[in-house]
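Take a look at the letters that make up each chain.
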Amino acid sequence: MTSLSTSSSSAGVKRKALSIDDKLSIIKLYDEKIGVFNEQQIADQLGLLSSSLRTILKNRKEIEKNRFSGSTKRQKVRNGKNEQLENILLEWFRQARTLNLAVYGPVLTEKANEIAKRLNVTDFGGSNGWLDRFRKRQGIVYRKICGEVDAVDDNSIKSWKETIQPNLLKDYSPEDIYNADEFGLFLN
């Protein structure tokens, strides 16, 4: 929703499927114009039915609450059957990502089962179908964690260099040592 139409009535207006982003924009524009125009005039300017505008305003808190959870390109906010479990799992997932930890399907499912057990949720199965729906609801994509800076702490590196590395290198001359990190070999 980027432009406003200036039709004088909503007689020719068709219902539109609006994303959460669209609804957030409508709420912002409504707040800016409410002192100057009435609700019907604002709906006309937005090219909406007045009933659609009222529904968006009625659901304002829910729409604004979901601004930061998952994708705002979708049209409807859907919650899972075990909302508390999913909220805890999502918070754990965000913390894990902040720490640059690789989190994939089996790890998410295992953590979800652990949370379900702590919450005494007996009807939770953690199936692949549940996992797919959870990922879609929350906008979770699996990404390769890049960067080796945070992978090992400085004390471990120092200890390894002082104790293990000299023993590994004692039988080799410096010209026989190569770095083959991310090395590909192709043979015909």
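Parameters at a glance
Residues numbered from 1 in each chain as written. Predicted model: local features only at pLDDT ≥ 70, side-chain atom pairs only at ≥ 80, totals over all residues. Heavy atoms only, no water. UniProt positions renumbered as here; feature names shortened; annotations may be inferred. Axes fitted to C-alpha atoms, helices over the stretch in contact; angles between N-to-C directions. Helix = DSSP H or I, 4+ residues; strand = E, 2+ residues; numbered from the N terminus. Parallel < 35°, antiparallel > 145°, perpendicular 65-115°, else oblique. Left-handed = near helix turned anticlockwise from the far one by under 90°. Contact = heavy atoms within 4.5 Å. Nonpolar A, V, L, I, M, F, W, Y, C, P; charged D, E, K, R; others polar. Phe/Tyr/Trp six-rings, centres within 6.5 Å; stacked < 30°, edge-to-face > 60°. Buried < 20%, exposed > 50% of the residue type's maximum accessible area, 1.4 Å probe, protein only.

- As recorded in an unreviewed UniProt entry, the protein goes by HTH CENPB-type domain-containing protein and comes from Macrosiphum euphorbiae.
- Taken verbatim from the UniProt record of the protein, the Subcellular location (unreviewed entry) comment is "Nucleus".

1. Here's the deal with the packing of helix 1 (residues 20–33) against helix 2 (residues 39–46)
Phase 1 of the analysis: With their axes 11 Å apart at the nearest point, helix 1 and helix 2 run at an angle of 135° to one another. Classified by the angle between their axes, helix 1 and helix 2 sit oblique to one another. You can see that helix 1 and helix 2 cross each other, and the crossing is right-handed. Contact residues: Ile26, Leu29, Tyr30 and Lys33 in helix 1; Glu39, Ile42, Gln45 and Leu46 in helix 2.
Phase 2 of the analysis: For the contact of helix 1 with helix 2, the class distribution of residues is 5 nonpolar, 1 polar and 2 charged.

2. Concerning the side chain of Ser50
Phase 1 of the analysis: For Ser50, the location among the structural elements is in helix 3 (residues 50–58).
Phase 2 of the analysis: In this structure, Ser50 is in contact with Gln40 and Ala43, ignoring residues within four places of it in sequence.

3. Let's talk about the packing of aromatic side chains
Phase 1 of the analysis: For the structure on display, the rule yields 2 aromatic pairs.
Phase 2 of the analysis: A centroid spacing of 4.9 Å and a plane angle of 90° characterise the contact between Phe124 and Trp130, whose relative ring orientation is edge-to-face. There is no split in this pair, since Phe124 and Trp130 are both buried.
Phase 3 of the analysis: Seen in terms of ring centroids, Trp130 and Phe134 are 5.2 Å apart; in terms of plane orientation they differ by 15°. Their pairing is stacked. Of this pair, Trp130 and Phe134 both sit in helix 7 (residues 128–138), 4 residues apart, roughly one helical turn.
Phase 4 of the analysis: For Trp130, a relative accessible area of 9% gives the class buried.
Phase 5 of the analysis: The class for Phe134 is buried, based on a relative accessible area of 0%.
Phase 6 of the analysis: In this structure an aromatic cluster arises from ring pairing among Phe124, Trp130 and Phe134.

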